[in-house]
Amino acid sequence: TSTLRPTAQPTPICFEDDKETFLLEVLSRITDESILLDMSTPQGMAYFFLAGENPSFVCTPTIVQRYALTVFYFATEGSRWTIDDGWLEQTQECAWFGVECNDDFYIDELNLAVNNVNGMIPEEISALSTLKEFDLFANTITGTLPAGMSGLTNLVFLDLQENLLVGPAFPNSITSLRRLQSYRISNNQLTGDISTRIGALRSLEELWASNNNILGTIPTQIGNMRDLKTLVFSSNRLAGEIPSELGLIPLEGLFLNENSLLGSIPIELFDVASLLTIRLDFNFLTGTVPDRISQLTDLEDFRVDSNNLSGEIPAAISSLSNLVVLRLNNNFLRGAVPDVFNDYFRLDFFDISNTALTGTIPRSIFSIPTVRLVYMSNCTLSGQIPPEFSTPPNLRDLYLDGNQLTGTVPSIADGQLEQLNEFLLQDNLIVGTMPQSVCDLRRDFILDDLWTDCGGATPEVDCDFPECCNRCFEGQSTASSRRKKRQLQDFLTKR
């Protein structure tokens, strides 16, 4: 971290003979005197360290911030930090590693990310009232968010991700920080509910709180946060419905995946034209994907997989040509898959597996030059594999197993599907001989898995094992049909 190194010292306001009296008077306004005089505490260690310093570092208007930094150093085992250059040396604190100051020697930034900082944030952090950016990302900070955080009234950026923090994620000390623009607390052990006071954080642009144990519902007051761009609550224990007030915010990223959210996706969400990412996967959402999704023309990532959604896939998804990821799998979707992907030019990941979708394989999915992962397992798709399946140059995985596909496997031309790694065709009604051009992919390129119905006494597909097909299944016999029904019943029971 670069630091501003002052060219002059602040003007002294005391001298050697009255230094300790001055220190005790000033610091006892922050810390109880009995704690200050106890050398077994970080506060006591800081006081006695400062009492031994040159008056040029003590008798200054910035002594309070020097004290707060010194307490922080002792409270978090500063001698064991990866880098502690300058700390507790006879230099102005603006020259200490990770500290940046303004022209008046007051601290603007404290950045000790990934620095083996261990321990609790002391209450004396409140004395850093000019601090604008505070970064402790990826350390071993323990304990709760201290009440002293409320003293950081100028704080704009706070990153406490990847630590061991416990206690409430949204205490009053945080929701009172009106200038805060970025609050990052992902990957901790924080709990409690989302306070209704969160709506007071009207300057907030980033709220990242994934992988904690945050409970309760998302309060409607979140709609007051009109500057919010990314909202991340993935992998928590949130319940209840998604508030329609999210439709009032110009969000770019919404991450509510891996919770226990109920109800339908609020229709108002599909009016937020700025959205680039919607992650609602792994919840218990019901209802349908509405036609209004067509308004999200900038959307890049849409994941609603592993919910209880029903109805059909709307043909309106044809408007989402900027999509990179489209995951609708593990839902109760039905009807034909709309063949509307001709205008897509960025799609990488397409998954409709484990649904009740019918009709034929959408040919236009193979017209997308970027498509890499295509999963259509365990639907009720019928018809033949379209010859266009071999067109995408980057196709790595193609799962068509567990359907009602008929006909034969089409041949491919030289130079096609050279990136194909997994090609699953078992549990269908496909017949004939596996084309040699497909078998050659096993020999010459990276095709690791080619699975089909080439097993049993009367295999439906003639395919050399293991030279070509490396796993053979029995075709859709009575036993296979019973197995598929059991798999569907198990899926329904789990959901």
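Source: prediction; values computed, not measured.

Turning next to the overall build of the chain. In terms of helices and strands, the chain carries 8 helices and 28 strands. The C-alpha atoms of the chain give a radius of gyration of 30 Å, which is well past the 23 Å a tight globule of 495 residues would have. For the chain, the spread of C-alpha atoms along the principal axes amounts to about 100 × 45 × 40 Å. Within the chain, the proportion of its 495 residues that are buried is 53%.

Axis separation between helix H1 (residues 19–27) and helix H3 (residues 42–51) bottoms out at 10 Å; the angle between their running directions is 150°. The angle between H1 and H3 falls in the class roughly antiparallel. Pair H1 / H3 crosses with right-handed handedness. Note on element contacts: H3 touches H1 through Tyr47, Leu50 and Ala51, opposite Lys19, Glu20, Leu23, Leu24 and Leu27. Its residues placed into classes, the contact of H1 with H3 shows 6 nonpolar, no polar and 2 charged.

Side chains on a regular strand alternate between the two faces of the sheet. Here strand E1 (residues 99–101) pairs with strand E2 (residues 107–111) via 3 bridges, running antiparallel. Bridge pairing links Glu100 to Glu109 in E2. In this structure, the hairpin formed by E1 and E2 is closed by a connection of 5 residues, where Phe105 is found at a positive phi of approximately 70°. Bridge count for E2 against strand E4 (residues 133–135) is 3 bridges, and the pairing is parallel. Its bridge partner being in E4, Glu109 is matched across the sheet by Glu133.

Here H1 crosses helix H5 (residues 63–75) at 75°, and the two axes come no closer than 11 Å. By the criterion of interaxial angle, the relationship of H1 to H5 is roughly perpendicular. Only Ile63, Val64 and Tyr67 of H5 make contact with H1, whose side of the interface consists of Phe22, Leu23, Val26 and Leu27. Here the contact of H1 with H5 is built from residues that sort into 7 nonpolar, no polar and no charged.

Criteria and thresholds
Residues numbered from 1 in each chain as written. Predicted model: local features only at pLDDT ≥ 70, side-chain atom pairs only at ≥ 80, totals over all residues. Heavy atoms only, no water. Helix = DSSP H or I, 4+ residues; strand = E, 2+ residues; numbered from the N terminus. Rg over C-alpha atoms; globule rule 2.2 N^0.38 Å. Buried < 20%, exposed > 50% of the residue type's maximum accessible area, 1.4 Å probe, protein only. Axes fitted to C-alpha atoms, helices over the stretch in contact; angles between N-to-C directions. Parallel < 35°, antiparallel > 145°, perpendicular 65-115°, else oblique. Left-handed = near helix turned anticlockwise from the far one by under 90°. Contact = heavy atoms within 4.5 Å. Nonpolar A, V, L, I, M, F, W, Y, C, P; charged D, E, K, R; others polar. Pairing = 2+ DSSP bridges.

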